[in-house]
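Reading the structure
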Amino acid sequence: MHSSKSPAPPLLVLSNGHGEDLIAARVLAALRQQGDNGLMDGMALVGLGTGLASVPGFRPIGPRQQLPSGGFSNQSFTGLLQDLWAGLGGLTLAQWRTIRQWRGAHPQGVVLAVGDLLPLVLAWDSGLPYGFIGTPKSDWTWLTNWGTTPVADAYHRCKGSEWDPWEWWLMGHGRCRFVVVRDGLTARGLRRHGIDALAPGNPMVDGPVAEDPPLPASLRQQRRWLMLPGSRLPECLINLERLLAALPRQPAALVLLATGHQLDLQALATVVTGQGFAPCQSPADMGRRPAWRRDNLLLLWGPGCFETWLPWAELGLATAGTATEQLVGRGVPALSLPGPGPQFTPAFARRQSRLLGGAVIPCFSPQQFRQELARLLEDDQHGRVLGRRGQRRMGPRGGSGAIARLVRQRLLQPHGTINPAAPLSWPSPSKAHMR
């Protein structure tokens with residue numbers, strides 16, 4: 001803990017998406033548990049940042065807006081145009097101004113950037129010391145099944161890293177106190193370019209509680225599939241409709257539909273009943289949850305139940321990003337069924353599968369989905385092998401605490417005041433490395 005004579009500097013967190021919000025929240029919560037009671041402000045650069053609200057004493061600042069692409073405008077030119085039409089340029093400018101104002105109010109502050117290039121650029125532009133948690137990129141995506149995306153793979157092979165030269169420069173700046181990436185392979189790739197990157201663990205696999213909730217008695221004799229259609233509307237409902245349509249009539253199974261709270265029950269019921277499910281009673285020990293049945297499939301809807309239902313799952317049926325990674329981190333294999341996007345496109349599904357070592361099997365038609373599902377149900381060993389492979393890719397628990405300790409040691413140690421009016425300097429080439 002910091003002494004009263006040398007309080008920790010104010011901390012500004014810049015987060016760049018739903019998964020990044022989750023990672024930032026778990027690191028900040030670990031900081032609080034380790035005794036850091038300093039000022040924590042933060043800005044969600046994408047979306048509304050609701051995932052950060054659970055951190056004690058955390059104060060959101062700056063403008064927030066839900067854009068049409070949900071933060072995936074880099075995957076679709078149409079999505080980019082929609083975001084620009086919805087005010088992306090003005091939003092980014094307002095966020096930049098907010099960071100400059102925060103710097104003026106807290107000249108001794110520090111910045112923690114979580115995400116990819118955008119928060120990294122804004123952290124550098126703040127003129128303050130910063131740390132970087134690079135969440136989305138992994139060298140596994142181009143070293144696994146080489147040839148799926150030959151042009152991109154060849155580009156990354158030439159660099160020896162999925163991160164780009166301009167990102168190396170920002171990570172190697174003299175004010176960058178540390179760089180954390182999601183796995184050791186990616187860290188080694190960056191170290192070959194002079195970046196002292198670390199991989200202390202992945203906060204995505206850290207649960208909010210130490211012990212898993214017990215499995216209700218009514219579920220113990222049933223197949224349990226966790227359905228994850230994603231969190232962004234209207235894509236979530238489109239994905240859900242496609243997943244339900246692809247489900248076979250056999251065998252008997254319980255489908256646990258985990259979503260956020262953003263779904264409207266009437267809209268959900270319209271999609272579910274449109275796929276032949278009829279309303280029914282939920283098991284008594286599962287609470288009074290909306291439930292539907294089609295032949296031998298029982299579908300339960302649990303808004304906000306993902307963390308509770310996660311340890312009960314035997315198989316995932318997923319068109320989600322962060323939630324799928326958390327599921328695979330538990331050693332549970334999954335099937336995906338990519339759609340029109342903007343997030344869960346065929347390209348996204350392939351990349352996710354490569355990242356997770358094939359623990360998520362992308363299916364590009366309902367027929368393939370049913371075939372892969374039958375194979376997993378008939379061959380338990382195949383599912384266990386995939387689950388263990390994905391679990392290794394996600395890494396062990398404990399990353400949140402390890403990264404929090406790194407933040408305290410490298411970023412929150414008191415340092416000299418930075419003049420808010422001072423010009424921002426570019427480093428000489430000899431200093432473009434991690435200290």
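It should be noted that the structure appears before, not after, this text.
What you see as residue numbers is a count from 1 along each chain, following the sequence as written. Local features are withheld for residues below a pLDDT of 70 in this predicted model, meaning they are given only at 70 or higher, and side-chain atom pairs are given and counted only at 80 or more; totals for whole chains, interfaces and linings count all residues. Side-chain numbers come from the whole structure's heavy atoms, not from hydrogens or water.

1. Regarding the sheet that holds strand β1 (residues 11–15)
- In spatial order, the strands read β3-β2-β1-β4-β5-β6-β7; together these seven strands make up an open sheet with parallel pairing. The open sheet terminates on both sides in strands that have one partner only, identified here as β3 (58–60) and β7 (197–198).
- Here β1 runs beside strand β2 (residues 40–44); their pairing, made up of five bridges, is parallel. Within β2, the residue paired with Leu14 across the bridge is Met43.
- By the convention used here, residues are in contact when the closest approach between their heavy atoms is within 4.5 Å. Helix axes are fitted only over the stretch in contact, all axes being lines through C-alpha atoms; the angle between N-to-C directions runs from 0 to 180 degrees. Numbering of helices and strands runs from the N terminus, with a helix taken as a DSSP run of H or I at least four residues long and a strand as a DSSP run of E at least two residues long. Against the sheet, helix α4 (residues 117–125) engages β1, β4 (110–115) and β5 (130–134), with an angle of about 170° to β4. When DSSP finds at least two bridges between two strands, those strands are taken to pair.

2. Digging into the pattern of salt bridges
- Salt bridges are defined as contacts in which a side-chain nitrogen from Lys or Arg sits within 4 Å of a carboxyl oxygen from Asp or Glu. Within this structure, the stated rule accounts for 11 salt bridges.
- We note a salt bridge from Asp41 to Arg59, for which the minimum N-O separation is 2.6 Å. One end of the pair, Asp41, is in strand β2; the other, Arg59, is in strand β3, with 18 residues separating them in the sequence.
- Asp41 sits in the buried class, given a relative accessible area of 0%.
- Each residue's exposure class comes from its accessible area (1.4 Å probe, protein chains only) as a fraction of the maximum for that residue type: buried when under 20%, exposed when over 50%, partly exposed otherwise. Residue Arg59 is classed as partly exposed on the basis of its relative accessible area, which comes to 41%.
- Put simply, Lys159 and Asp164 hold a salt bridge, and the shortest N to O gap is 2.5 Å. Comparing Lys159 with Asp164, the two get one shared label, buried.
- One continuous salt-bridge network, built from bridges that share partners, spans Lys137, Lys159, Asp164 and Glu167.

3. Describing the environment of Gln262
- With respect to the helices and strands, Gln262 occurs in the loop between β9 (253–259) and α10 (265–274).
- C-alpha of Gln262 to C-alpha of Cys236: the two residues are 26 residues apart in sequence and 10.0 Å apart in space.
- Apart from the residues lying within four places of it in its own chain, the contact partners of Gln262 are Gly230, Ser231, Arg232, Leu233 and Cys236.
- There is a polar contact of 2.8 Å between the side chain of Gln262 and the backbone oxygen of Ser231. Distance and chemistry together define a polar contact, namely a pair of N or O atoms within 3.5 Å, with one atom able to donate a hydrogen and the other to accept it when in protein, and with adjacent residues in sequence counting only for side-chain atoms on both sides.

4. Here we look at the sheet that holds β9
- Strand order in the open sheet formed by eight strands is β10-β11-β12-β9-β8-β13-β14-β15, with mixed pairing between adjacent strands. Strands at the two margins of the open sheet, each flanked by one partner only, are β10 (278–280) and β15 (360–362). With direction set aside, neighbouring strand axes in the sheet form an average angle of 25°.
- Both β9 and strand β12 (residues 297–303) contribute to a ladder of seven bridges, which runs parallel.

5. A short note on α10
- Every buried residue of α10 is listed here: Leu268, Val271 and Val272. Relative to the axis of α10, the buried residues are bounded by an arc of 95° and lie together on one face. Seen from the open side of α10, the exposed residues pointing more than 90 degrees away from its buried face are Gln266, Thr270 and Gly274.
- Close packing links the buried residues of α10 with α9 (235–246), β9, β11 (291–294) and β12.
- One side-chain oxygen of the residue at the start of α10 lies 3.1 Å from the amide nitrogen of Gln266, identifying that residue as Asp264.
- The positive-phi residue at the C-terminal boundary of α10 is Gly276, with phi of around 90°. In this context, the arc is that of the directions from the helix axis out to the C-beta atoms.

6. Topic: the packing of helix α12 (residues 322–329) against helix α15 (residues 380–394)
- The N-to-C vectors of α12 and α15 enclose an angle of 110°; their axes lie 7 Å apart at closest approach. Between α12 and α15, the angle is such that the two are roughly perpendicular. Two secondary-structure elements touch here, α12 through Glu325, Val328 and Gly329 and α15 through Gly387, Gly390, Gln391 and Met394.
- Charged means Asp, Glu, Lys or Arg here, nonpolar means Ala, Val, Leu, Ile, Met, Phe, Trp, Tyr, Cys or Pro, and polar covers whatever is left, Gly included. Residue composition of the contact of α12 with α15, by class: two nonpolar, four polar and one charged. Comment on the angle field: the value is read as roughly parallel under 35 degrees, roughly antiparallel over 145, roughly perpendicular from 65 to 115, and oblique elsewhere.

7. With respect to a positive patch on the surface
- On the surface, Arg384, Arg388, Arg389 and Arg392 cluster together into a patch of positive charge.
- Mapped onto the elements of the fold, Arg392 is located in helix α15.
- Classification of Arg392 by relative accessible area gives exposed; the value is 61%. Within the patch definition used here, like charges are joined within 9 Å and nonpolar side chains (Val, Leu, Ile, Met, Phe, Trp, Tyr) within 5 Å, considering only residues with over 30% relative accessible area and no salt bridge. The Shrake-Rupley method, run with a 1.4 Å probe, gives the accessible areas here. Residue values count only the displayed protein chains as cover. The charged-residue count follows a simple rule in which Lys and Arg add positive charge and Asp and Glu add negative charge, with His and chain termini not counted at all. Lys charges are placed at NZ, Arg charges at CZ, Asp charges at CG and Glu charges at CD.

8. Observations concerning the packing of α9 against α10
- The N-to-C vectors of α9 and α10 enclose an angle of 25°; their axes lie 9 Å apart at closest approach. One element, α9, and the other, α10, form an angle in the roughly parallel class. Where α9 crosses over α10, the two elements pack in a sense that is right-handed. Packed against α9, whose contacting residues are Leu237, Leu240, Glu241 and Leu244, the element α10 presents Ala267, Leu268, Val271 and Val272 at the interface.
- Its residues assigned to classes, the contact of α9 with α10 shows seven nonpolar, no polar and one charged. Here a crossing is taken to be left-handed if its near helix is turned anticlockwise relative to the far helix by less than a right angle, and right-handed if that turn runs clockwise.

9. What about the environment of Gln367?
- Assignment of secondary structure puts Gln367 in helix α14 (residues 366–378).
- Spatially, the C-alpha atom of Gln367 lies 9.6 Å from that of Leu247, the residues being 120 residues apart in sequence.

These figures capture arrangement, not role.
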